[in-house]
Amino acid sequence: MSAPLPAPAEAGDPDFAELLAQRPQLSAHALDGLCLEGVPLARLAEAVGTPCWAYSAGTLRRRYGALRAALKGAGLDASIHYAVKANDNLAVLRVLAAEGAGADVVSEGELRAARAAGIPAGRIVFSGVGKTEREIRLVLAEGIFQLNAESVEEIDMISSVAASMGQVAPVSIRVNPDVDARTHAKITTGKAENKFGVAIDDAAALYARMAALPGLRPIGIAVHIGSQITAGLAAYRAAYAKVAELVRALRGRGLPVERVDGGGGLGIPYRDEIAPPPEALAGALAGAFKGLGLPVMVEPGRWIAGPAGVLLARVVLVKRGATRRFVVLDAGMNDLMRPAMYDAWHGILPVSPGALHAPRSPADVVGPVCETGDTFTQGRALPELAPGEVVAVLDAGAYGASMSSTYNARPLAAEVLVEGDRWAVVRDRQPFEDLLARQRIPEWMG
C-alpha cells in the first residue's frame with residue numbers, strides 16, 4: 001500500500017514524490033517504507049549491515065532492453081557492449097550477459113571479470129589509452145572481438161606483440177573528433193586537449209599505415225566523446241558526422257572498414273536533468289551511419305547500471321553546528337566518490353515510512369572520512385533523522401562500488417542483488433583482516 005508524500009521543504013530540488021515517480025524500481029509503502037523492487041530496504045540493511053550497495057536486476061534488464069529496442073527501431077545493425085568500468089560486479093555482468101550484452105573493458109581485471117560472468121570473448125572490446133604488453137597478449141590469446149587503439153605508439157606495440165604470437169589483431173582506431181560534449185571537465189574525452197584517441201585529421205594516414213603493418217587487421221573507427229552527456233544530441237551528431245566522413249575517405253582510398261564504434265556516454269537524470277532517451281541516440285547513429293551499410297557498436301555503462309543501484313547508509317549521529325545541521329552517515333567518500341570528485345548530485349531518501357512522510361528542513365549529509373570533501377550534499381531538505389535510521393542514496397549503480405576504496409582503512413561495503421522479492425549478497429563485506437593481510441613489516445624491523 002503506497003501513501004502520498006509531502007511537498008519539498010526546499011525549492012529547487014525534486015521532492016521525494018518526484019524522485020520516486022522517475023524511478024519505477026523504487027516504491028514507498030505505508031508499512032515497509034522504501035522498497036527496491038519487492039524488497040524493503042530497511043530489512044535489507046538490518047540483515048546485511050551498512051554501508052551496502054543494492055542493485056535491481058529488473059532495472060538492468062529493463063534498461064538494456066529499452067536500448068536494444070531503440071537501436072532496432074532505428075533500423076540499425078547494432079551490438080551493445082556494456083562498459084564494465086561502470087559496475088564490474090559479477091552478478092551485474094551475469095544479468096547483462098544473459099540478455100546478450102557484450103562488454104567494453106579497459107583492463108585485464110575487467111576482461112577477466114567479463115569472462116568469468118559468461119560474456120564470450122567474441123563480444124568483448126578492449127579500450128583504453130594504456131594497454132600493457134601483458135594485456136595485449138592476453139586479449140589476443142582470448143580471441144576478443146576488437147581492440148581500440150588510441151595512438152601510433154600503441155598501434156606499433158600491438159603489431160609487434162601480435163606478430164610475435166603469430167596472431168592477427170582486429171584493431172579499430174579511436175579518433176578524437178575535437179567535439180565538446182558539454183559535460184563535466186573530468187569526464188570529457190573528445191576534445192583535442194584530452195588524452196584519448198588520435199586526432200581525426202591524422203586518422204586516415206594512420207589507418208593506411210596500420211593496414212601495412214604485420215599482425216594487424218584494421219576493422220573500423222571508434223569514437224567516444226564523454227560521459228554523463230545530457231546537453232542534447234548535438235555533440236553526438238557532430239562527432240558521428242566527422243566519423244562518417246572519415247569512413248567515406250578511407251573507402252575512397254580502397255581501405256576496408258567493417259564497423260563503427262559509437263562509444264557510450266548517454267546521461268541519466270540524477271536530479272532534474274532532461275536526459276536524451278535511447279531513441280535519440282539511436283537516431284543520431286542512424287543519421288550518420290545507416291547509409292554506409294555498416295554495423296555499429298555502442299558502449300553504455302551508466303545509462304544501464306546507474307539507476308539500478310542504491311547505496312544504503314545508516315545515520316551515526318546528527319551534529320548541530322553553529323549554523324548547520326550535519327547528518328553523519330556510516331558511508332563516506334571512500335564508498336561513493338562521485339560527490340567529492342565531480343560535485344555530483346544524488347537523491348537521498350530515508351527508508352522508514354515515518355521519515356518519508358515527516359516535515360523537512362535543510363541538512364548537510366556527510367560521511368565519517370577525515371576530509372572536508374567527504375560531503376554528499378549541503379542544504380538538502382530532509383526530515384529529522386535519529387541515529388540508527390537508514391537512508392538510500394539513489395542512482396548509485398554506476399561508478400559507485402567500482403570506484404570505491406579503503407581510504408581511512410575502511411573496508412569495502414557489501415553488495416546485494418535484488419530480483420522481485422528475492423535478494424542475495426553478491427559481494428561480501430570486506431573483513432578488517434583483509435586490510436592487513438597482504439602487508440608485511442620488513443624482517444630487519446623486528
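Residues numbered from 1 in each chain as written. Predicted model: local features only at pLDDT ≥ 70, side-chain atom pairs only at ≥ 80, totals over all residues. Heavy atoms only, no water.

J.: Hey, could you go over the packing of helix α9 (residues 234–252) against helix α10 (residues 278–289) for me, with residue numbers and the actual values?
T.: Running from N to C, α9 and α10 point in directions that differ by 25°, and their axes come no closer than 9 Å. Between α9 and α10, the interaxial angle falls into the category roughly parallel. The chirality of how α9 crosses α10 is right-handed. Contacts between α9 and α10 involve Y236, R237, Y240, A241, V243 and A244 from the first element and L281, A284, L285, A288 and F289 from the second. (Axes fitted to C-alpha atoms, helices over the stretch in contact; angles between N-to-C directions. Helix = DSSP H or I, 4+ residues; strand = E, 2+ residues; numbered from the N terminus. Parallel < 35°, antiparallel > 145°, perpendicular 65-115°, else oblique. Left-handed = near helix turned anticlockwise from the far one by under 90°. Contact = heavy atoms within 4.5 Å.)

J.: How would you sum up unusual backbone geometry? Please name residues and give values.
T.: The amide bond that connects T50 to the next residue, P51, takes the cis arrangement and shows omega of -5°. Considering the arrangement of structural elements, one finds P51 in the loop between α2 (41–48) and β4 (52–56). At E37, a residue that is not glycine, the phi angle is positive and equals roughly 50°. Its place among the elements puts E37 in the loop between β2 (33–36) and β3 (39–40).

J.: How would you summarise helix α6 (residues 133–142) if you had to cite specific residues and measurements?
T.: Taken as a whole, α6 has its buried residues at E135, I136, L138, V139 and L140. Where α6 terminates, the next one or two residues include G143, which has phi positive at roughly 80°. (Buried < 20%, exposed > 50% of the residue type's maximum accessible area, 1.4 Å probe, protein only.)

J.: Quick rundown of the pattern of salt bridges? Include the residues and the values.
T.: Counted according to the given criterion, the structure contains 23 salt bridges. Across the pair E108 and R134 runs a salt bridge whose closest N-O atoms are separated by 2.6 Å. Taken together, the positions of E108 in helix α5 (residues 108–116) and R134 in helix α6 put the pair 26 residues apart, joining distant regions of the chain. Take R134: its relative accessible area is 56%, and that puts it in the exposed class. When the shortest N-O distance is used, the salt bridge between D335 and R410 registers 3.2 Å. Here the residue D335 occupies a position in the loop between β15 (325–329) and α12 (338–342), and R410 occupies one in the loop between β19 (390–393) and β20 (414–419), the gap between them amounting to 75 residues. Like R410, D335 is buried. What you see here is one network of salt bridges that share partners, running through R61, R68, E99, E419 and R422. (Salt bridge = Lys/Arg side-chain N within 4 Å of Asp/Glu carboxyl O.)

J.: Tell me what's going on with the pairing of strand β21 (residues 422–427), and back it up with residues and numbers.
T.: A regular strand carries its side chains on alternate faces of the sheet. Here β20 pairs with β21 via five bridges, running antiparallel. Following the sheet pairing, V416 is matched in β21 by V425. The loop that links β20 with its antiparallel partner β21 comprises two residues; one of these, G420, has a positive phi angle of about 65°. (Pairing = 2+ DSSP bridges.)

J.: Now, about the side chain of K131: what can you tell me, with residues and values included?
T.: Along the chain, K131 falls in the loop between β7 (124–126) and α6. In this structure K131 comes out as buried when scored by relative accessible area, which is 6%. Only 3.1 Å separates the side chain of K131 from the side chain of E154, close enough to count as a polar contact. (Polar contact = N/O pair within 3.5 Å; in protein donor to acceptor, adjacent residues only side chain to side chain.)

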